[in-house]
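Listed below, chain by chain, are the residues.
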Amino acid sequence: MPVSSPIICVVGARPNFMKMAAILPALKGGDSPLNTYLVHTGQHYDAAMKDAFFHQLDIPSPDIDLEVGSGTHAVQTAEIMRRFEPIIDSQNPGAVLVVGDVNSTIACALVAVKKGVPVIHVEAGLRSRDRTMPEEINRILVDQLSDYLFTTERVALDNLTSEGISEKKVHFVGNVMIDTLLRLLPKAPEASSILAKLASDVPFKAESGSYGLLTMHRPSNVDKVEVLEGLLRQLASISNEIPLIFPVHPRTRAQIRRFGLEDILLESNLLALPPIGYLEMLGLMKGARVVLTDSGGIQEETTALGIPCVTIRENTERPITVTSGTNTLVGTDKAKIRGAVMEVLQGGGKAGRIPEYWDGKAALRIAAILQDGFADVCAR
Ligand code: UD1
């Protein structure tokens, strides 16, 4: 009997890992398991951005790591494409599955479609309507190339049909990132134990429920000195009202150093840490009074956890976190950021409710559809 073709599953950057952690076992499980082949492009390569996640999320080691590393958008995207093409030639896949909106997502989707290989996009149809965001370009293009589009919220279907994509290709399945959150939340350390450990290492005082958690890495917030400095000064000032724990993304760390802004971090009650693991992040989110972020995934995770989130962006591609969830968009306006945090401190913040299908079963819904669609080509 000939060996069946795999579905090549692609990860590249940190937010891809939690999604793939739910999808892979679902595809490989059940009554009609599929053959899979895991590619890591190497877009994120620091141990703190990669290894800790694979381990904590129980993702198997990739079948291949393309080790592309960093570069300009053009260089990084082109390098991923160049290194991914031979994998398609050697594996003869039945399909290529990509997640999210990072450069690895568009690069691998583009290679696949030009080779006549069907593309599956998980987290399709999200739109910020902000084309200065590299991710928005990636999202629009990947969706145009995809044969199966799996969505996390209902508005995605309207976005896709308005761009001429056939409704028949679109499947509303829920949020695989929340599948992983619900599975691993019981394993997350309590915030109090993380804080106790931090307190023994550095002079920083905060108790569970009485600190804020901050993340920031979007180019629009960290790549211009005047924007980054303004934000850091305002966040440092807010940290006098509520201590802020700040795991710093490598991109942000590099910019703080380049612009000589380290002093702002030292003078305040803002605790800058290296990137932390997924379970520690879950524990700190769950114990936080408020989360401040410009991340996409954290807007969703805080909604799932019922923790108030203040998003330091002018727009979001995940509107359900605002309309149903705990998220408030404040942009980079300093008064609005402070106002939103004070509102949470004084009034408790938005209560929110869990969006439809964010129930821990999204990956099973995806697997049921793909196991049906690819049974002939990719069965194990
Ligand atoms: C990428 C995604 C973004 C996602 C983010 C999550 C794109 C266009 N952007 O942004 O959507 O929210 O990942 O983390 O794909 N660096 C390291 N070590 C690493 C990775 C990056 O030091 O392991 C530094 C390098 O200086 C690099 C910079 O971070 O140049 C940016 O990395 P890159 O992969 O280009 O984009 P991110 O900002 O991480």
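Digging into the overall build of the protein
For step 1, the next point in the chain: Looking only at helices and strands, one finds 18 helices and 13 strands in the protein.
For step 2, the next point in the chain: For 380 residues, the compact-globule formula gives about 21 Å, and the C-alpha radius of gyration of the protein, at 20 Å, lands near that figure.
For step 3, the next point in the chain: Over its C-alpha atoms, taken along the principal directions, the protein stretches across nearly 65 × 40 × 40 Å.
For step 4, the next point in the chain: The buried share among the 380 residues of the protein stands at 57%.
For step 5, the next point in the chain: Sequence separation of at least 24 residues holds for 70% of the intrachain contacts in the protein that already meet a minimum separation of 6.
For step 6, the next point in the chain: Carbon and sulfur atoms make up 52% of the accessible area of the protein, which totals about 15500 Å².
For step 7, the next point in the chain: Taking the average location of the 38 positive side-chain charges in the protein and that of its 44 negative ones, the two points are 1 Å from each other.

Concerning the sheet that holds strand β8 (residues 212–214)
The strands making up a sheet associate through backbone hydrogen bonding, with each pair oriented either parallel or antiparallel.
For step 1, the next point in the chain: As summarised here, the arrangement of the 6 strands in space is β10-β9-β8-β11-β12-β13, forming an open sheet in which the pairing is parallel. If you trace the sheet from one side to the other, it starts and ends with β10 (270–273) and β13 (327–329), each paired once. Each neighbouring strand pair of the sheet contributes to a mean axis angle of 20°, computed without reference to strand direction.
For step 2, the next point in the chain: Pairing geometry for β8 and strand β9 (residues 244–247), over 2 bridges, is parallel. When the bridges of β9 are listed, Gly212 appears paired with Leu244.
For step 3, the next point in the chain: Against the sheet, helix α13 (residues 278–287) touches β8, β9 and β11 (290–293), its axis set at about 140° to β8.

A word on the environment of Ile165
For step 1, the next point in the chain: Turning to its location among the elements, Ile165 is positioned in the loop between α6 (155–162) and β7 (170–172).
For step 2, the next point in the chain: C-alpha separation for the pair Ile165 and Ser146, spaced 19 residues apart in sequence, amounts to 9.3 Å.
For step 3, the next point in the chain: Beyond its immediate sequence surroundings of up to four residues, Ile165 is in contact with Asp143, Gln144, Leu149, Leu160 and Val170.

Considerations on the sheet that holds strand β4 (residues 95–99)
For step 1, the next point in the chain: Across the sheet, which stays open at both edges, the 7 strands sit in the order β3-β2-β1-β4-β5-β6-β7 with parallel pairing between neighbours. Looking along the sheet, the strands with just one partner apiece sit at the ends: β3 (64–65) and β7.
For step 2, the next point in the chain: Where strand β6 (residues 148–151) meets β7, 3 bridges bridge the pair, whose relative direction is parallel. Considered in β7, the bridge of Phe150 is made with His171.
For step 3, the next point in the chain: Where α6 meets the sheet, it contacts β5 (119–124), β6 and β7, and its direction lies at approximately 145° from that of β6.

With respect to the site of the ligand
For step 1, the next point in the chain: Taken together, the neighbourhood of the ligand is formed by 18 residues, with His44, Tyr45, Glu135, His217 and Arg251 sitting nearest.
For step 2, the next point in the chain: Interatomic distance of 2.6 Å between a side-chain N/O atom of His44 and an oxygen atom of the ligand.
For step 3, the next point in the chain: The side chain of Glu135 places a nitrogen or oxygen atom 2.5 Å from an oxygen atom of the ligand.
For step 4, the next point in the chain: Surface burial for the ligand is 86%, taken as the share of its 740 Å² of free accessible area covered by protein chains.
For step 5, the next point in the chain: A per-class count over the shell around the ligand returns 6 nonpolar, 8 polar and 4 charged.

Focus: the packing of helix α3 (residues 73–91) against helix α4 (residues 103–114)
For step 1, the next point in the chain: Packing of α3 against α4 leaves a shortest axis separation of 8 Å and a crossing angle of 45°. Relative to α4, the element α3 lies oblique. Crossing of α3 over α4 shows right-handed handedness. Here His73, Gln76, Thr77, Ile80, Met81, Phe84, Glu85 and Ile88 of α3 lie close against α4, whose contacting residues are Asn103, Ser104, Ile106, Ala107, Cys108, Leu110, Val111 and Ala112.
For step 2, the next point in the chain: The residue makeup of the contact of α3 with α4, split by class, is 10 nonpolar, 5 polar and 1 charged.

With respect to the nonpolar core
For step 1, the next point in the chain: Counting 64 residues, the largest nonpolar core has Leu97 and Leu370 as its most contacted members.
For step 2, the next point in the chain: Both of domain 1 (7–174 + 358–373) and domain 2 (189–347) provide at least three residues apiece to this core.
For step 3, the next point in the chain: Contacts of Leu370, omitting those with residues within four sequence positions, involve Leu27, Leu34, Leu97, Ile120, Tyr148, Phe150 and Ala375.
For step 4, the next point in the chain: Listed in part, the 28 residues of the second largest apolar core include Leu228, Leu231, Ile242 and Leu261.

Definitions and limits used
Along each chain, residue indices are assigned from 1 in the same order as the chain's sequence is written. In keeping with the model being predicted, local features are shown solely for residues with a pLDDT of at least 70 and side-chain atom pairs are shown and tallied solely at 80 or more, while totals for entire chains, interfaces and linings include all residues. To obtain the side-chain values, all non-hydrogen atoms of the structure were included, while hydrogens and water were left out. In this description a helix means any DSSP run of H or I spanning at least four residues, a strand means any run of E spanning at least two, and both kinds are numbered starting from the N terminus. For a compact globule the rule gives 2.2 Å times the number of residues to the power 0.38, and the radius of gyration it is set against comes from C-alpha atoms. Exposed residues in this analysis have more than 50% of their type's maximum accessible area, buried residues have under 20%, and partly exposed residues fall in between, with area computed by a 1.4 Å probe over protein chains only. Note on contacts: a residue pair qualifies if any of its non-hydrogen atoms lie within 4.5 Å across the two residues. Note on areas: Shrake-Rupley with a 1.4 Å probe; residue coverage comes only from the protein chains shown. Note that His is not counted, nor are the chain ends; the positive residues are Lys and Arg, and the negative ones are Asp and Glu. Lysine's charge is taken at NZ, arginine's at CZ, aspartate's at CG and glutamate's at CD. A pair of strands is labelled paired if DSSP reports no fewer than 2 bridges between them. To obtain an axis, a line is fitted to C-alpha atoms, over the contacting stretch when the element is a helix, and the angle between two such axes runs from 0 to 180 degrees between their N-to-C directions. Summary of the distance rule: residues count as near a molecule or strand when at least one heavy atom falls within 4 Å of that molecule or strand. In protein, a polar contact means a hydrogen-donor-capable atom and an acceptor-capable atom, both N or O and within 3.5 Å, with residues adjacent in sequence counting only if both atoms are side-chain atoms; elsewhere, any N or O pair within 3.5 Å suffices. Note that Gly is not counted as nonpolar here; it falls among the polar residues with everything else outside the nonpolar set of Ala, Val, Leu, Ile, Met, Phe, Trp, Tyr, Cys and Pro and the charged set of Asp, Glu, Lys and Arg. An angle counts as roughly parallel when it lies under 35 degrees, as roughly antiparallel when it exceeds 145, as roughly perpendicular when it falls between 65 and 115, and as oblique in every other case. For any helix crossing, the convention is left-handed if the near helix is rotated counterclockwise from the far helix by under a right angle, and right-handed if that rotation is clockwise. Residues enter a nonpolar core if they are buried and are Ala, Val, Leu, Ile, Met, Phe, Trp, Tyr or Cys, with the set joined through side-chain atoms within 4.5 Å. Domain delimitation follows an automatic or database domain assignment.

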